[in-house]
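Observations on chain architecture
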Amino acid sequence: MKTSQLFRHSRLRLAVWYTLVMGVILSLSGLGIYRSLVQSNWKAMEREIESIAGTLHDSLEPMLPPSENPTTVLKRILPELCLVGQPCHSNPSLIERHTTGISDRNTYYLRLFNHQGKLLAFSPNQPDNLSQTLNPEPWQTITNNGIRYHQFTIILHSSDTHDLAVNSSWGYLQLGRTLQPFDAEVQRIQIILMLGFPLVLTSVILSSWFLSGLAMQPIYKSYQQQKQFTANAAHELRSPLASLLATIEAILRIPPSQPQDLTKMLHTLERQGRRLSHLVTDLLFLTSLEGQSSSKGFQSCCLNDLVSDLIEEFSELATVAKIDLIEQIPDEEIYVLGDESQLYRLVSNVIANGIQYTPKKGQVFVSLKTKEDTALIKIKDTGIGIPQEAQKRIFERFYRVDSDRNRKTGGTGLGLAIAQAIAHHHQGDITVKSQVEKGSLFIISLPYRGSIIT
Ligand code: ATP
Ligand code: MG
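Rules and cut-offs
- Residues numbered from 1 in each chain as written.
- Chains lettered and ligands numbered in written order.
- Predicted model: local features only at pLDDT ≥ 70, side-chain atom pairs only at ≥ 80, totals over all residues.
- Heavy atoms only, no water.
- Pairing = 2+ DSSP bridges.
- Helix = DSSP H or I, 4+ residues; strand = E, 2+ residues; numbered from the N terminus.
- Core = buried A, V, L, I, M, F, W, Y, C linked by side-chain atoms within 4.5 Å.
- Buried < 20%, exposed > 50% of the residue type's maximum accessible area, 1.4 Å probe, protein only.
- Contact = heavy atoms within 4.5 Å.
- Expected span 1.5 Å × (residues − 1).
- Bend = angle between axes of the 7 residues up to and from the residue.
- Phe/Tyr/Trp six-rings, centres within 6.5 Å; stacked < 30°, edge-to-face > 60°.
- Lys NZ or Arg CZ within 6 Å of the ring centre and 35° of its normal.
- Axes fitted to C-alpha atoms, helices over the stretch in contact; angles between N-to-C directions.
- Parallel < 35°, antiparallel > 145°, perpendicular 65-115°, else oblique.
- Left-handed = near helix turned anticlockwise from the far one by under 90°.
- Nonpolar A, V, L, I, M, F, W, Y, C, P; charged D, E, K, R; others polar.
- Lys, Arg positive; Asp, Glu negative; His and termini not counted.
- Salt bridge = Lys/Arg side-chain N within 4 Å of Asp/Glu carboxyl O.
- Polar contact = N/O pair within 3.5 Å; in protein donor to acceptor, adjacent residues only side chain to side chain.
- pLDDT = per-residue confidence, 0-100.
- Disulfide = S-S within 2.5 Å.
- Patch = residues over 30% accessible without salt bridge, like charges linked within 9 Å, V, L, I, M, F, W, Y side chains within 5 Å.
- Areas by Shrake-Rupley, 256 points an atom, 1.4 Å probe, with all protein chains shown as cover.

Here the focus is the sheet that holds strand E6 (residues 171-178). Spatial strand order, E1-E3-E2-E6-E5-E4: six strands in an open sheet with antiparallel pairing. Because the sheet does not close on itself, it has two edges, and the strands there are strand E1 (82-83) and strand E4 (139-144). For E4 and strand E5 (residues 147-156), the ladder comprises six bridges, and the chain directions are antiparallel. Bridging from a neighbouring strand, threonine 143 pairs with arginine 148 of E5.

Before going further, it helps to spend a moment on the nonpolar core. Residues Val347, Ile351, Val366, Ile377, Ile379, Phe442 and Ile444 are the most contacted members of the largest nonpolar core, which totals 51 residues. Filtering out sequence-adjacent residues up to four positions away, isoleucine 377 remains in contact with Leu303, Val307, Val347, Val366, Ser367, Leu368, Phe442, Ile443 and Ile444. The next biggest cluster of nonpolar side chains, apart from the first, holds 23 residues, and it includes Met45, Leu60, Leu112 and Leu156.

Turning to helix H6 (residues 303-320), a few remarks are in order. With 18 residues, H6 should reach 26 Å at 1.5 Å per residue; the first-to-last C-alpha distance of 26 Å fits that figure. The sharpest bend along H6 reaches about 40 degrees and sits at phenylalanine 314. Within H6, the full set of buried residues consists of Leu303, Asn304, Leu306, Val307, Leu310, Ile311, Phe314 and Ala318. Directly after H6, the chain includes lysine 322, whose backbone phi takes a positive value near 55 degrees.

Inspection of the entire model under this criterion finds six aromatic pairs. A network of ring pairs unites the aromatic residues Phe7, Tyr220 and Tyr223 as a single cluster. In this structure, arginine 345 packs its charged tip against the face of phenylalanine 285, placed 4.6 Å from the ring centre. Sitting over the ring of phenylalanine 229, arginine 397 keeps its end group 4.5 Å from the ring centre.

Their axes nearest at 9 Å, the elements helix H4 (residues 180-253) and helix H5 (residues 259-291) cross at an angle of 165 degrees. Considering the angle they form, H4 stands roughly antiparallel to H5. Here H4 runs over H5; the crossing is left-handed. Here H4 contributes Phe229, Ala233, Glu236, Leu237, Pro240, Leu241, Ser243, Leu244, Thr247, Ile248, Ala250 and Ile251 to the contact with H5, which in turn contributes Leu262, Met265, Leu266, Thr268, Leu269, Gln272, Gly273, Leu276, Leu279, Val280 and Leu283. In terms of residue class, the contact of H4 with H5 is made up of 17 nonpolar, five polar and one charged.

Within the element layout of this structure, proline 240 appears in helix H4. As a C-alpha pair, proline 240 and arginine 274 span 34 residues in sequence and 9.9 Å in three-dimensional space.

Moving on to the pairing of E6. Extensive coverage of E6 is indicated by the burial of eight of its eight residues. Summarising the sheet, strand E2 (residues 108-114) and E6 pair through seven bridges and their orientation is antiparallel. Residue pairing in the sheet places phenylalanine 113 in a bridge with tyrosine 172 of E6.

Turning our attention to the side chain of arginine 111. For arginine 111, the location among the structural elements is in strand E2. As a buried residue without a salt bridge, arginine 111 has its nearest oppositely charged side chain in aspartate 128, at a separation of 10 Å. A polar atom in the side chain of arginine 111 sits 3.4 Å from the side chain of glutamine 126. Among the polar contacts listed, one links the side chain of arginine 111 to the backbone oxygen of serine 131, at a separation of 3.1 Å. Those residues within four positions of arginine 111 in sequence are excluded, and the remaining contacts are Leu119, Ala121, Phe122, Gln126, Leu130, Ser131, Tyr172, Leu173 and Gln174.

Time to look at the environment of leucine 130. Here leucine 130 is to be found in the loop between strand E3 (119-122) and E4. On the basis of relative accessibility, which here comes to 10%, the residue leucine 130 falls in the buried class. Linking leucine 130 and asparagine 144, residues 14 residues apart in sequence, is a C-alpha distance of 7.7 Å. Apart from the residues lying within four places of it in its own chain, the contact partners of leucine 130 are Tyr109, Arg111, Ile142, Asn144 and Gln151.

Below, the discussion takes up the pattern of salt bridges. If you walk through the whole model with that rule in mind, you get seven salt bridges. Note that arginine 274 is salt-bridged to glutamate 270, the shortest N-O span being 2.7 Å. Of the two residues, arginine 274 and glutamate 270 both sit in helix H5, four residues apart, roughly one turn of that helix. The class of arginine 274 is exposed, set by a relative accessible area of 54%. Judged by its relative accessible area of 39%, glutamate 270 falls in the partly exposed class.

The pLDDT averaged across the protein works out to 86; a share of 87% of its residues lies at or above 70. Predicted confidence for residues 161-166 stays below pLDDT 50, and this span has three contacts to residues more than four positions away or in other chains.

With that settled, the discussion passes to the state of the cysteines. Tallying each qualifying case throughout the model produces zero disulfides. Free of any disulfide, cysteine 302 has its nearest cysteine sulfur in cysteine 301, 8.9 Å distant. Its relative accessible area of 6% is what places cysteine 302 among the buried residues.

Turning next to a nonpolar patch on the surface. Taken together, the side chains of Leu12, Val16, Trp17, Leu20, Val21, Ile25 and Trp209 present a nonpolar region at the surface, about 690 Å² in accessible area. Ranked by residue count, the leading element in the nonpolar patch is helix H1 (residues 3-60), at six residues. Looking at the secondary structure, you find tryptophan 17 in helix H1.

Next up, the structure:
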């Protein structure tokens, strides 16, 4: 599979997973919200029925007639109710008076049963075809002519029957209401959810695609860098290997009568071999630095000693190159926490560059000082300098400003990449300021651990 295809495929899979997970989460939360809305509406409605029924119950009970012949008395105390078997006129009823201001007057209906469950009286707005006998369940939901009703039944005691141990119940009060407004509300919520879900899902799909693209970006970038790095490494290895093979072929062709040529060639071969081994070691070192994340094995390192050792080491090279190598080290000892050999390598790579890229009679200054909580090592030269546009790239692996001008130095372009990797590994940094033909200034900053005045 091609790389671009692979990345598109991975992005698509990521987006599908995002969508699935988000879709499930959103559906579940939508369902939860829907259920809680319906339940709270239902509870509120039941509370309302209960409180109206309670009020009616309390006002009716003291006036209830003896159970022997209740209908005539009922007619007297509740003239607005219709009595079973008698003509019914629709007047504003007791139930309607009690429900005024709470809800729609026609929403509620009232029915009274005797203690045997026989219907005695009912409000005129009760639904048609309701059963004449009582179902004593406190809460019931019934469907009548396609309309749902919810009703609540409560026992009534008359003041006379309270003392009678035989049958203390006078009858039952049943209060019901239509569920039409409730069902309409539930339907409205369902429509909102059903219309909203595809909209939300579309935005989830779009944002998933966008987010997966964002997530893939660093991976893609890192992949491209790795690819570039492998290509560069292969390229860098190919030239020394080709010249190595060419030298070996030449050696094989040397007649045994010319041993002096053989020695010269073998020296070339050794140089090329070393260069190759150097390159491979550098690459391995860079890779191992990437893998190390912790500061395990770090110890206190004295930068004064480190810099003066390096100055001593490079003095011979500087003398040969006819360059003044000048050091500026303070009396106080500056300590940082780190890997000493890595820090040596970091500073030596930069000093080596300073000497390499400074023409004869030039100068390279190495100074050490502290600023706030940072130790600063400055390496300044009066060399050929680095063009502005190249300054951003010199820390890249294998980058050389101009291969032609560096040919005689035989560098691989890994020196500064290694220096930067070491500085970052020590929570430090390396920066450059340079002007072509004037010189360069490299500043290495490392977290400062303290100092001892000598
Ligand atoms: P290596 O150090 O691996 O042997 P190199 O010196 O070419 O090879 P780097 O040290 O990474 O590689 O430097 C990258 C490039 O930056 C160099 O090729 C050089 O062109 C430029 N450069 C680095 N230091 C200086 C400097 N002090 N003055 C001018 N140019 C520099
Ligand atoms: Mg270098």
